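An overview of the molecular structure
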There are 2 protein chains.
Amino acid sequence: MREVFQQELRDVQDRLVEIAGLVAEAIDNATTAFNESNVALAESVIADDSKIDAAANELDELAIEILARQNPVARDLRIVVSALRISASLERMGDIARHIAQLARYRFPEKVVPKSLRPTFKSMGELDVQIARKLTELLSTQDVDIAEHIRNEDDKVDELHLSVFDQVLAETWSGGASDTVDATLASRYHERFADHAVSIAKKVQYLATGDWTPAED
Amino acid sequence: MREVFQQELRDVQDRLVEIAGLVAEAIDNATTAFNESNVALAESVIADDSKIDAAANELDELAIEILARQNPVARDLRIVVSALRISASLERMGDIARHIAQLARYRFPEKVVPKSLRPTFKSMGELDVQIARKLTELLSTQDVDIAEHIRNEDDKVDELHLSVFDQVLAETWSGGASDTVDATLASRYHERFADHAVSIAKKVQYLATGDWTPAED
């Protein structure tokens, strides 16, 4: 029974890693579509978001089944409850990647932001992709150094987010109201994506330093 | 044992109602502060958000304790898991009320949006407050008609949200980039607040029509 349970916990972990991988792919494609005005890529991100939702739902059902059947307590219970929360955050990160892709599709064949802002969004996009890949690694290894790394990268995203507002509100800003709306929404999405990753990283870190150890037989 | 458990489920429900009440108060004060440029009220919303966070955390700990001690299954298990999810959404609604208050504080003594947009934001704010009050009632009574009502009110918020963009992107818009940024962010916050309420309403509706019935002795 105990062995079955440990196998189930590993299964939960594997599925989280898998969903995080889908999210990393989604944000990679979404930010590329956004920066390069690639409408086919944007469409694929929008279509594939339902796969992330479905995978998150399946994981939730598995977690609820484990709660019912195994009655986990203490550390094991917290692992399962954390998995439910992490899955909700990953699902939301997928939604945000979709929102970024939708902006790209909406403005096509134009680019979403004017030339002066593109280097900033390119950097934010690269950071979000890197954060998502690191998050996948964190969920796979529970290596808390990675959680720290994600928090540092999020600080850089926050700085870039603020710099978007500085640029939009500067005298030199020549964009119209539509550029301002797009830049504001896009910047907010990039920032929120990284926030969710930090929130997941904190949960893994808490479990790792508190009462989580990697599943053992 | 069974009676203790039913009492605990009622306790969970009472706490959700209590947190929803705090959220309703927060959005009421935040939107008033926003519309009337009341910085003292904005400050109180910002300060009080930690009470919502603390109440949500306490509820989560209670729910985890119930999972460990009572090993609920079937409908009862879904009620406890839903409580964890509803508490996360309520906590997020509190954050959004805080963001709206922060915009009001940031622009003080100016108002956040130019005159032409104020009627729209007044209506959005009133709808968000009404939705939050209805949500409190829904959590207290599990009357699914209220869930339907919340979804309808959310449709109105979505329409107003789109109308903000129409106004900002119209030829007649005379606001500067800073007005455009504020209107975009504020509108997005108002819209997201209502979305979270709908997501909670769906969970209650699902439990009510699926396998939830009001707790009985």
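Predicted, not measured: the structure shown is a model, and the values here were computed from it.

**Some thoughts on the nonpolar core**
Among the nonpolar cores identified, the biggest contains 145 residues, and L90(A) and L90(B) are the most heavily contacted of them. Non-local contacts of L90(A), meaning those with residues more than four positions away in its chain, are made with L16(A), I19(A), A20(A), V23(A), I52(A), L135(A), L139(A) and I200(A).

**Remarks on the interface of chain B and chain A**
Listed as interface residues are 28 residues of chain B and, on the opposing side, 28 residues of chain A. The largest contributions to the chain B side of the interface with chain A come from I64(B), V181(B) and R188(B), which together make up 20% of the buried area. Across the contact surface, chain B and chain A share four salt bridges. When the shortest N-O distance is used, the salt bridge between R78(A) and E61(B) registers 2.8 Å. Where chain B packs against chain A, one counts four residue pairs in polar contact (both at pLDDT 80 or more). Of all elements in the fold, only α2 (39-70), α3 (74-107), α5 (144-169) and α6 (177-209) of chain B reach the threshold of two or more residues within the side of chain B that touches chain A. The element that contributes the greatest number of residues to the side of chain B that touches chain A is α6(B), accounting for nine residues. When grouped by side-chain class, the residues that make up the side of chain B that touches chain A number 16 nonpolar, five polar and seven charged.

**Let's talk about the packing of aromatic side chains**
Residues and elements named next belong to chain A. A full pass over the atoms with the stated rule returns two aromatic pairs over all chains. For the pair F34 and F121, a centre-to-centre distance of 5.5 Å together with 45° between the ring planes defines the contact as tilted. Placement of F34 in helix α1 (residues 2-36) and of F121 in helix α4 (residues 118-141) is noted, with a sequence separation of 87 residues between them. The same class applies to F34 and to F121, which are both buried.

**Topic: the UniProt feature "domain: PhoU" (unreviewed entry) in chain A**
Residue and element names in this part refer to chain A. Taken from the UniProt record, the annotation "domain: PhoU" (unreviewed entry) applies to residues 17-103 and 122-204. With 94% helix and 0% strand, residues 17-103 has end C-alpha atoms that lie 27 Å from one another. Note that residues 122-204 is 88% helix and 0% strand, and that its end C-alpha atoms are spaced 28 Å apart.

Cut-offs applied
- Residues numbered from 1 in each chain as written.
- Chains lettered and ligands numbered in written order.
- Predicted model: local features only at pLDDT ≥ 70, side-chain atom pairs only at ≥ 80, totals over all residues.
- Heavy atoms only, no water.
- Core = buried A, V, L, I, M, F, W, Y, C linked by side-chain atoms within 4.5 Å.
- Buried < 20%, exposed > 50% of the residue type's maximum accessible area, 1.4 Å probe, protein only.
- Contact = heavy atoms within 4.5 Å.
- Buried area = accessible area lost by both parts, 1.4 Å probe.
- Salt bridge = Lys/Arg side-chain N within 4 Å of Asp/Glu carboxyl O.
- Polar contact = N/O pair within 3.5 Å; in protein donor to acceptor, adjacent residues only side chain to side chain.
- Helix = DSSP H or I, 4+ residues; strand = E, 2+ residues; numbered from the N terminus.
- Nonpolar A, V, L, I, M, F, W, Y, C, P; charged D, E, K, R; others polar.
- Phe/Tyr/Trp six-rings, centres within 6.5 Å; stacked < 30°, edge-to-face > 60°.
- UniProt positions renumbered as here; feature names shortened; annotations may be inferred.

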